[in-house]
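So the chains spell out like this:
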Amino acid sequence: MRSNIEDYNAVVEAASKFTKSVAEGNSKYAKELFTEDACLFGFLNSNFERGSIEQFYHNVDTVGAGKEFKTRIDVLELEETLAVVRVLEEGWGGSIDFTDVLLLLKIDGQWKCVAKAYNQNSNTISK
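As a convention, each chain's residues are numbered from 1 in the sequence order in which they are written. The predicted nature of this model means local features are confined to residues of pLDDT at least 70 and side-chain atom pairs, given and counted, to a pLDDT of 80 or more, with totals for whole chains, interfaces and linings taken over all residues. With hydrogens and water excluded, all non-hydrogen atoms of the structure serve as input to the side-chain values.

Some remarks on the overall build of the chain
Definition in use: Secondary structure elements follow DSSP: runs of H or I no shorter than four residues count as helices, runs of E no shorter than two count as strands, and numbering proceeds from the N terminus. Taken over C-alpha atoms, the radius of gyration is set against a globule rule of 2.2 Å times the number of residues to the power 0.38. Residue exposure (1.4 Å probe, protein chains only): buried if accessible area is under 20% of the type maximum, exposed if over 50%, otherwise partly exposed. Two residues form a contact once any of their heavy atoms are found within 4.5 Å.
The number of helices and strands found in the chain is three helices and six strands. Going from the N terminus to the C terminus, the chain shows its helices and strands as α-α-β-β-α-β-β-β-β. For 127 residues, the compact-globule estimate of 2.2 N^0.38 gives 14 Å, and the C-alpha radius of gyration of the chain, at 14 Å, lies within 12% of that figure. Seen through its C-alpha atoms, the chain measures out along the principal axes to roughly 45 × 25 × 25 Å. Going through the 127 residues of the chain one by one, you find that 38% of them count as buried. Summarising the internal contacts of the chain: among those between residues at least 6 apart in sequence, 49% fall at separations of at least 24.

Right under this line is the structure:
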């Protein structure tokens, strides 16, 4: 069954907590989105990161977004209790571009992120 526009808007609103935290350099909004046991996977400056979402919170809280920071949220898949969201980030920390994929589940009526995987655009990797 196709989800209605209200459902899509609810998923975008949830994912916006992620982008707001990054933009403001404050993980408090993202902590509302991610479950306590959420995990992350990706490469930051060619270093493989995996593990607890706490790593993401640390990065957000220690690196400012940058004046030119921009984001875009796309809902790629939406089912009754499952959503896949792509977040494009440009200019994080003033120089890094990311593509994030968030896996969200509808838990007790709220969209929560259980996993984050990301790619750092190769032209923004510090050598």
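Focus: the layout of surface pockets
Heads up, the condition is: Residues are called lining when one of their atoms sits within 4 Å of a cavity or pocket point, these points coming from a 1 Å grid over the protein atoms alone, where a cavity is a set in which a 1.4 Å probe fits but cannot get out and a pocket is an open set with protein on both sides within 12 Å along at least five of seven lines. Grid points are joined across faces, edges and corners, and a volume is the space filled by probe spheres set on the points.
Within this model, the largest pocket holds a volume of roughly 230 Å³. If you go around the largest pocket, the residues you meet are Glu-6, Asp-7, Ala-10, Glu-13, Ala-14, Lys-17, Glu-32, Lys-106, Gly-109, Gln-110, Trp-111 and Lys-112. At the level of secondary structure, the elements contributing two or more residues to the lining of the largest pocket comprise helix H1 (5-24) and strand S6 (110-120). Per-element accounting of the lining of the largest pocket gives the leading share, six residues, to H1.

Focus on the sheet that holds strand S5 (residues 96-107)
Rule in force here: For two strands to be treated as a pair, DSSP must find at least two bridges joining them. Only C-alpha atoms enter the line fits that serve as axes; for helices the fit covers just the stretch in contact. Angles between N-to-C directions range over 0 to 180 degrees.
Overall, mixed pairing links the six strands, which are arranged S2-S1-S6-S5-S4-S3 in an open sheet. A single partner strand is all that each edge strand has here, and the edge strands are strand S2 (47-52) and strand S3 (70-78). Across the sheet, the mean angle separating the axes of adjacent strands is 15° when strand polarity is ignored. Relative to S6, strand S1 (residues 34-44) runs parallel, the two sharing five bridges. Bridge pairing in S6 places Leu-40 opposite Lys-116. Packing of helix H3 (residues 54-62) onto the sheet brings it into contact with S1, S2, strand S4 (82-92) and S6, and relative to S2 it is tilted by some 115°.

Here we look at the pattern of salt bridges
Side chains that differ in charge, positive against negative, can pair when their charged atoms come close. Selection rule: Each reported salt bridge corresponds to a side-chain nitrogen of Lys or Arg within 4 Å of a carboxyl oxygen of Asp or Glu.
Tallying each qualifying case throughout the model produces four salt bridges. A salt bridge links Arg-72 to Asp-74; its shortest N-O distance comes to 2.8 Å. Here Arg-86 ties to Asp-74 by a salt bridge, and the two come within 2.9 Å at their closest N and O atoms. You can see Arg-86 sitting in strand S4 and its partner Asp-74 sitting in strand S3, a full twelve residues away along the chain. Given a relative accessible area of 30%, Arg-86 falls into the partly exposed group. The buried category is assigned to Asp-74, whose relative accessible area is 10%. Connected through salt bridges with shared partners, the residues Arg-72, Asp-74 and Arg-86 form a single ionic network.

Looking at the side chain of Glu-49
Within the secondary structure, Glu-49 sits in strand S2. Residues contacting Glu-49, with those up to four places away along its chain left out, are Leu-40, Phe-41, Gly-42, Leu-44, Gln-55, Asn-59 and Tyr-118.

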